[in-house]
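# A structural walkthrough
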Amino acid sequence: MHLGRKTLSKFLIENVSGTRDGAALAALLVDVAAAVKAIAALSAKGALGGATGTLDTVNVQGETQKPLDVLSNTAFVNTFEQGGLVAGVASEEMDEPFPIKAPKKRGPFLAIFDPLDGSSNIDSNVSVGSIFSILHAPEKGEPRTADYLQPGLKQVAAGYALYGPATLMVLTVGKGTHGFTLDREVGNFILTNPNIEIPADTSEFAINTSNERFWEPPVTRYVSECKAGKTGPRERDFNMRWIASMVAEVHRILMRGGIFMYPRDTKDITKPGRLRLMYEANPMGFVVEQAGGRASTGRERILEIVPGEIHQRVPVILGSRNEVDRVVQYHAEYDAGTDKPYESPLFSERGLFRS
Ligand code: AHG
Ligand code: MN
Ligand code: MN
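Just so it is clear, the structure is predicted and the values come from calculations on it, not from any experiment.

Assigned secondary structure in the protein chain consists of 8 helices and 15 strands. Taken against the 2.2 N^0.38 rule, which gives 20 Å for 355 residues, the C-alpha radius of gyration of the protein chain at 21 Å falls within 12% of a compact globule. In terms of overall dimensions, the protein chain has C-alpha extents of about 75 × 45 × 45 Å along its principal axes. The burial tally for the protein chain puts 54% of its 355 residues in the buried class. Restricting the contact set of the protein chain to residue pairs at least 6 apart, pairs at least 24 apart contribute 64%. When the accessible area of the protein chain is evaluated, it comes to approximately 15,800 Å², of which 51% is carbon and sulfur surface. Measuring between centres, the 39 positive side-chain charges of the protein chain sit 3 Å from its 42 negative side-chain charges.

Shown next as structure tokens:
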């Protein structure tokens with residue numbers, strides 16, 4: 001029991017109710033928490049809930065859906081449809097945005113979400129999450145697709161839920177980033193991590209190195225320098241992690257620092273990145289910046305990108321600010337032709353393994 005500690009509802013009443021549509025925003029985030037609790041309960045049942053395995057359906061991204069992808073999407077859509085606080089929703093799992101239609105009540109916001117992030121991990125019982133981004137809706141009428149295409153800087157709130165050993169919600173309303181832990185028996189989210197600050201420096205990087213041959217030179221340079229450790233130009237050893245759940249990676253970075261990269265690559269030249277701007281990069285960019293970190297494509301601040309479509313993909317480099325700044329600098333040097341790629345002494349002129 002955590003009597004006397006701050007609940008999510010109390011935090012929201014204190015922090016957002018005085019702003020534009022603040023009371024409605026507080027109520028909407030309580031609705032998000034309700035959907036999150038439903039998904040937490042469902043995912044915790046594992047195979048006993050009948051939600052493991054793979055469906056025959058493919059989403060608009062061309063990715064095979066899992067039962068929990070669809071169930072989580074339904075949990076969010078139903079909550080928002082009944083809640084009367086949004087005018088429309090857009091999701092990774094829906095081709096087009098879904099407007100709230102009369103007689104259902106429309107509210108002043110748009111909700112965009114990734115209902116289940118890291119869903120390839122479900123059957124291995126590894127952490128998964130949900131990511132959400134809240135924007136203002138147009139003042140009147142049914143929202144059109146163009147109304148959702150606002151740069152990340154326009155977000156009024158964003159955050160994620162992490163379904164791990166504990167269920168957490170981490171969010172920002174533009175006044176710092178704050179973490180809440182679900183007290184399962186009582187059903188309340190309790191403020192456990194107020195004002196999270198990402199350490200500016202780190203010795204931990206996260207990237208899927210199986211894509212190395214498709215990376216751009218500035219990313220190869222950065223990662224080679226990290227891997228060279230004490231004997232390389234960074235003069236210290238680095239550690240590496242890859243969970244394949246962006247939510248879990250971002251949460252680790254919020255807790256102890258680090259850099260996460262899903263950079264531009266040439267694996268499929270029709271895709272400028274793996275992750276999606278509107279429901280992965282933007283909300284995580286907002287959360288990370290509000291915790292003192294940085295979020296970039298390598299060439300542009302994520303939150304300043306003017307979106308062209310709902311399911312647009314972008315390169316993502318985020319986390320501890322000094323490391324992200326370094327990777328951005330490597331991109332600038334590469335683009336200017338002034339970069340100095342790192343060459344391991346093992347493979348250089350007088351190296352051990354010269355081919
Ligand atoms: P989703 O499950 O919502 O499609 O997102 C998965 C994303 C992200 O969470 C993770 O960082 C990345 O895809 C993992 O990609 P790899 O399979 O290339 O490791
Ligand atoms: Mn995702
Ligand atoms: Mn997803």
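Having put the structure on the table, let's press on.
On to the site of ligand 1. Near ligand 1, the surroundings consist of 18 residues, among which Asp117, Gly118, Trp242, Met246 and Tyr262 are the closest. Relative to its unbound accessible area of 480 Å², ligand 1 is 87% covered by the protein chains. If you list the elements that add at least two residues to the shell around ligand 1, you get strand S3 (109-117), strand S11 (259-262) and strand S12 (275-276). Among the elements that make up the shell around ligand 1, the one with the highest residue count is S3 (3 residues). Both domain 1 (8-193) and domain 2 (204-340) contribute no fewer than three residues apiece to the shell around ligand 1.

Attention shifts here to the coordination of the manganese ion (ligand 3). Listed as protein donors to the manganese ion (ligand 3) are Glu92 (OE), Asp114 (OD) and Leu116 (O); their distances from the metal cover 2.1 to 2.3 Å. Donor residues binding the manganese ion (ligand 3) come from one chain and are separated in sequence as E-x21-D-x1-L. The metal-metal distance between the manganese ion (ligand 3) and the manganese ion (ligand 2) is 3.7 Å, with Asp114 coordinating both. By relative accessible area, which is 0% here, Asp114 ends up buried.

At 1.9 to 2.1 Å from the manganese ion (ligand 2) lie its protein donor atoms, namely Asp114 (OD), Asp117 (OD) and Glu280 (OE). In terms of primary sequence, the donors binding the manganese ion (ligand 2) are separated according to D-x2-D-x162-E. On the basis of relative accessibility, which here comes to 5%, the residue Asp117 falls in the buried class.

Leu25, Phe80, Ile134 and Met169 are the most contacted members of the largest nonpolar core, which has 45 residues in total. The greatest single-element share of this core, amounting to 11 residues, is contributed by helix H2 (residues 22-44). Formed by 40 residues, the second largest nonpolar core is a distinct cluster that contains Leu149, Leu162, Val170 and Ile305.

Quick look at the environment of Phe11 now. With respect to the helices and strands, Phe11 occurs in helix H1 (residues 8-16). The class of Phe11 is buried, set by a relative accessible area of 5%. When the C-alpha atoms of Phe11 and Ile190 are compared, they prove to be 9.2 Å apart, with 179 residues separating the residues in sequence.

Next up on the list: the pattern of salt bridges. In total, this model carries 27 salt bridges according to the counting rule given. As a salt-bridge pair, Arg276 and Glu63 come within 3.7 Å of each other at their nearest N and O atoms. Remark: Glu63 occurs in the loop between H2 and helix H3 (67-83) and Arg276 occurs in strand S12; sequence separation between them is 213 residues. Bridged by salt links that share partners, the residues Glu63, Glu92, Arg274, Arg276 and Glu280 form one connected network.

Let us look at the pairing of strand S8 (residues 188-193). Moving residue by residue along a regular strand, the side chains alternate between the two faces of the sheet. Bridge count between strand S7 (residues 177-183) and S8: 5 bridges; the pairing is antiparallel. Note on S8: the bridge partner recorded for Phe180 is Leu191. Hairpin connection from S7 to S8: 4 residues lie between these consecutive antiparallel strands, with Gly187 at a positive phi of about 90°.

This paragraph deals with the packing of aromatic side chains. The final tally for this structure, using the stated rule, is 7 aromatic pairs. Between Phe80 and Phe113 the ring centres are 5.8 Å apart and the planes differ by 50°, which places this aromatic pair in the tilted class. Note that Phe80 is positioned in helix H3 and Phe113 in strand S3, a separation of 33 residues in sequence. Looking at Phe80, the relative accessible area reads 2%, which means it is buried. Note on Trp242 and Phe260: the rings are 5.5 Å apart at their centroids and 10° apart in plane angle, and the pair reads as stacked. In this pair, Trp242 is assigned in the loop between strand S10 (239-240) and helix H6 (246-256) and Phe260 in strand S11, connecting sequence segments 18 residues apart.

Our next topic: the domain arrangement of the protein chain. Taken as a whole, the protein chain is organised into domain 1 (8-193) and domain 2 (204-340). The centre of domain 1, based on its C-alpha atoms, is set 24 Å off from the matching centre of domain 2. Listed by partner, the interface residues are 47 residues for domain 1 and 32 residues for domain 2. Both sides together, the interface formed by domain 1 and domain 2 hides about 2,900 Å², and carbon and sulfur atoms give 64% of it. By the criterion of area lost to domain 2, the three top residues of domain 1 are Gln61, Leu149 and Tyr160, representing 20% of everything that side buries. Linking domain 1 with domain 2 are 3 salt bridges, by the criterion used here. Between Glu92 and Arg276 there is a salt bridge whose closest N-O contact spans 3.4 Å.

Scoring rules and cut-offs
Residues numbered from 1 in each chain as written. Chains lettered and ligands numbered in written order. Predicted model: local features only at pLDDT ≥ 70, side-chain atom pairs only at ≥ 80, totals over all residues. Heavy atoms only, no water. Helix = DSSP H or I, 4+ residues; strand = E, 2+ residues; numbered from the N terminus. Rg over C-alpha atoms; globule rule 2.2 N^0.38 Å. Buried < 20%, exposed > 50% of the residue type's maximum accessible area, 1.4 Å probe, protein only. Contact = heavy atoms within 4.5 Å. Areas by Shrake-Rupley, 256 points an atom, 1.4 Å probe, with all protein chains shown as cover. Lys, Arg positive; Asp, Glu negative; His and termini not counted. Charge placed at Lys NZ, Arg CZ, Asp CG, Glu CD. Near = heavy atom within 4 Å. Domains from an automatic or database assignment. Donors = N, O, S within 2.8 Å, 3.2 Å for Na, K, Ca; no water. Core = buried A, V, L, I, M, F, W, Y, C linked by side-chain atoms within 4.5 Å. Salt bridge = Lys/Arg side-chain N within 4 Å of Asp/Glu carboxyl O. Pairing = 2+ DSSP bridges. Phe/Tyr/Trp six-rings, centres within 6.5 Å; stacked < 30°, edge-to-face > 60°. Buried area = accessible area lost by both parts, 1.4 Å probe.

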